[in-house]
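For reference, the chains in residue letters:
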Amino acid sequence: MFVFKNAWKSVVRNKGRNILIAIIVAIIAAAATIGLSIRQAADSARATGLEDTSVTAQISVNREKLISSAQSSSSSSSSSSKPDFSAARSALASKTLSLASYEKYAKASTVKTGTYYTETSSVSKTDSFQPVSTTSTSSSSSSSSSGQAAGQGAGGGMGGGMGAEETQSGDFSLVGFSSDTAVKNATNGTFTMTSGKVFGYTSSSNGDVIISKSLADFNKVSVGDTISVTNPYDTSKTIKLKVVGIYKNTTDTSSSNNGPSQSTSSDPSNAIYTSISTLKALGLDASSTVTTTDSSGTSTKTAAAQLSYTYVLGSKSAYTTFTKDVKKAGLSSDYTVSSADVEEYESSLLPLNNLAKFALTLLLVVLAVGGVVLIVLSLFNVRERKYEVGVLTAMGVKKAKVATQFAIELLIVTMIGLGVGAVAGAATSVPVSNQLLASQVSQQESQASTQEAQFGRGANVGGSGTSTSGTSGSSSGTTTGKTAAAPTQGTGNPFSTKAVSYVSSINTSVSLSMVGQLLLIGLGLTLISALVGVVFVMRYEPLQILADRS
């Protein structure tokens, strides 16, 4: 009790020095609170941002690995430096996943999954039905793959069945859908029906299609009319399709796809939508095979359509579990599981993650500088009270008790400063964090704008700097998104961009874990600073101190 009373009296008696120590600790505590708040918001956003949102996933071929393995094998068996294209194509084609395989992995998962898929084939023009084109003539065959734009999987991913398949590209892409969900997530974007209705998915609706308004207007076709197209693998076979609806894309995606090297089937306006059942009836589904001949006269059997299969999962954690489940079910390393939704969300966290790293660096610097200052002040405090130490020890007070008194004094002042700093930090953490985060978002937008300007493609890029009202709630706070243009890979145009909704504001509260971390910081600073005083107190000899004073 004597130690505590004496420590409190000393704190009150030496107000100036202790106030200075409390101010330093308060600054450290405020900076620590802001830094910990930012890191907590980033961790919370990563952990819970997609927990209440469904995400899509795709299984695709690991092309880089297969191509590398095939080329390495051919190089070791041949002295030629020329790439073995045949080996690479064979390696990719051999890894094509069937519809049954996709469904097997859906059933093997321990989490509930929804599924939908599309199959993309093509058909060719006839004299009575022509594709939308800016050229005077349109080729009915091309070496490009069927429906380059439409061949991508709904939900943003490529199906694992892409492999090295190359199908004859006609004048129209014929896309078969498995369900209304697949139609809702059409690769060419959301659309609305201007007349008629969407086809059914049973055999009773075989031959029913919907076409774009541009294509309908170009050919003067109305709902109820029958259109004639041909099989691109055998143009002598005429296919009759009934138009049951006309749709219009919400955004005009009929950009310059009709250049000299482009097939008209890659133009979204020339996409004909139908059911998987119709494709099967026509022999143009993914399970049907056709024979194609390349420019050298080599014939190859390939699938008549490109299959793109999408899994719908309830949350990001379900996606993580699904990834593990399919690997346990036998999915080899030749395939990868990916999610465009997860990748897009992680991209949106880039400014927040950068800010969290900056906050950690700032926190470490503040703690290091603050710790050094406190050690110096503690050293001066002990040296100034050297005579007091000599008197107490000469009176019979053990050195350990004297050292404990100095440590308790520092602990009292540190806790007061810590409390004041924590309150100040909690009050200012939200505006300060949002200001710093806004700076990071602005920097990301500036980088995107610089890249656009560098390539001179700014006129073709949309969405830069536009705001959205997207929010993501969590137990420890809320994050709000802001849309900005960011480079997109894997598209037909290397300079195209994709809107990324960056997390641009946070609203966090001080949690119990944060309070615990602040207490640990305070105790750590106290321990390190008091250790200096303890060392000096234990070295002092009371009689020598008194003699020196005399």
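Owing to the predicted nature of the structure, the values given are computational and were not obtained by experimental measurement. (Residues numbered from 1 in each chain as written. Predicted model: local features only at pLDDT ≥ 70, side-chain atom pairs only at ≥ 80, totals over all residues. Heavy atoms only, no water.)

Draft legend 1. Up close: the overall build of the protein chain. Scanning the protein chain from terminus to terminus reveals 15 helices and 15 strands. Across the 550 residues in the protein chain, those meeting the buried criterion constitute 45%. Contacts in the protein chain between residues at least 24 apart in sequence constitute 78% of all its contacts with a sequence separation of at least 6. Surface accessibility of the protein chain: about 26800 Å² in total, with carbon and sulfur atoms responsible for 56%. (Helix = DSSP H or I, 4+ residues; strand = E, 2+ residues; numbered from the N terminus. Buried < 20%, exposed > 50% of the residue type's maximum accessible area, 1.4 Å probe, protein only. Contact = heavy atoms within 4.5 Å. Areas by Shrake-Rupley, 256 points an atom, 1.4 Å probe, with all protein chains shown as cover.)

Draft legend 2. The arrangement of the pattern of salt bridges in detail. Applying the stated criterion across every chain yields a total of two salt bridges. Of the charged contacts in the structure, one is a salt bridge between Asp 217 and Lys 213, with a shortest N-O distance of 3.0 Å. With a gap of four residues between them, Asp 217 and Lys 213 both fall in helix α7 (residues 213-219), about one helical turn apart. A relative accessible area of 49% means that Asp 217 is categorised as partly exposed. Note on Lys 213: relative accessible area 34%, which makes it partly exposed. Two residues, Lys 316 and Glu 346, come together in a salt bridge whose shortest N-O distance is 3.6 Å. Here the residue Lys 316 occupies a position in helix α9 (residues 316-328), and Glu 346 occupies one in helix α10 (residues 340-348), the gap between them amounting to 30 residues. Judged by relative accessible area, Lys 316 falls into the buried class, the value being 18%. (Salt bridge = Lys/Arg side-chain N within 4 Å of Asp/Glu carboxyl O.)

Draft legend 3. A look at a nonpolar patch on the surface. A cluster of nonpolar side chains, namely Ile 19, Ile 23 and Ile 27, defines an oily patch on the protein surface of about 300 Å² accessible area. Within the secondary structure, Ile 19 sits in helix α2 (residues 15-48). (Patch = residues over 30% accessible without salt bridge, like charges linked within 9 Å, V, L, I, M, F, W, Y side chains within 5 Å.)

Draft legend 4. Structural context of the nonpolar core. Core analysis: the biggest nonpolar cluster contains 36 residues, and Ile 59, Tyr 311, Leu 313 and Phe 322 have the highest contact counts within it. If you list the elements that add at least two residues to this core, you get α2, β1 (55-61), α5 (99-108), β11 (306-313), α9, β12 (335-338), α10 and α11 (350-384). (Core = buried A, V, L, I, M, F, W, Y, C linked by side-chain atoms within 4.5 Å.)

Draft legend 5. Expanded view of the packing of aromatic side chains. On inspection of all chains with the given rule, the structure shows eleven aromatic pairs. Taking 5.1 Å as the distance between ring centres and 55 degrees as the angle between the ring planes, the aromatic pair formed by Tyr 309 and Tyr 311 counts as tilted. Like Tyr 309, the residue Tyr 311 is buried in the burial classification. These aromatic residues form a ring-pair network of at least three members: Phe 177, Phe 191, Phe 199, Tyr 201, Tyr 247 and Tyr 273. (Phe/Tyr/Trp six-rings, centres within 6.5 Å; stacked < 30°, edge-to-face > 60°.)

Draft legend 6. Here's a closer look at the confidence of the model for the protein chain. Looking at the protein chain, the pLDDT average stands at 76 and 72% of residues meet or exceed 70. Predicted confidence in the protein chain is weakest over strand β13 (residues 467-474), with a mean pLDDT of 40, and strongest over strand β5 (residues 208-212), with 96. Overall, residues 458-478 carries pLDDT values under 50, and its contacts beyond four positions in sequence, including any with other chains, amount to 49 contacts. In the predicted structure, residues 483-498 sits below a pLDDT of 50 and forms 45 contacts with residues beyond four places in sequence or in another chain. (pLDDT = per-residue confidence, 0-100.)

Draft legend 7. Up close: α9. Helix length check: α9, at 13 residues, gives a terminal C-alpha distance of 19 Å against a target of 18 Å (1.5 Å per residue), a fit within 8%. Of all the positions in α9, only Lys 316, Ala 318, Tyr 319, Phe 322, Thr 323, Asp 325 and Val 326 are classed as buried. Following α9 by one or two positions, Gly 330 has its phi on the positive side, about 115 degrees. (Expected span 1.5 Å × (residues − 1).)

Draft legend 8. The arrangement of the environment of Thr 291 in detail. Mapped onto the fold, Thr 291 is located in strand β9 (residues 289-293). Take Thr 291: its relative accessible area is 46%, and that puts it in the partly exposed class. A sequence separation of ten residues divides Thr 291 from Lys 301, and the C-alpha atoms of the two residues are 4.4 Å apart.

Draft legend 9. Quick look at unusual backbone geometry. Residue Lys 220 is not a glycine yet carries a positive backbone phi of 55 degrees. Looking at the secondary structure, you find Lys 220 in the loop between α7 and β6 (226-231). For Lys 220, a relative accessible area of 76% translates into the label exposed.

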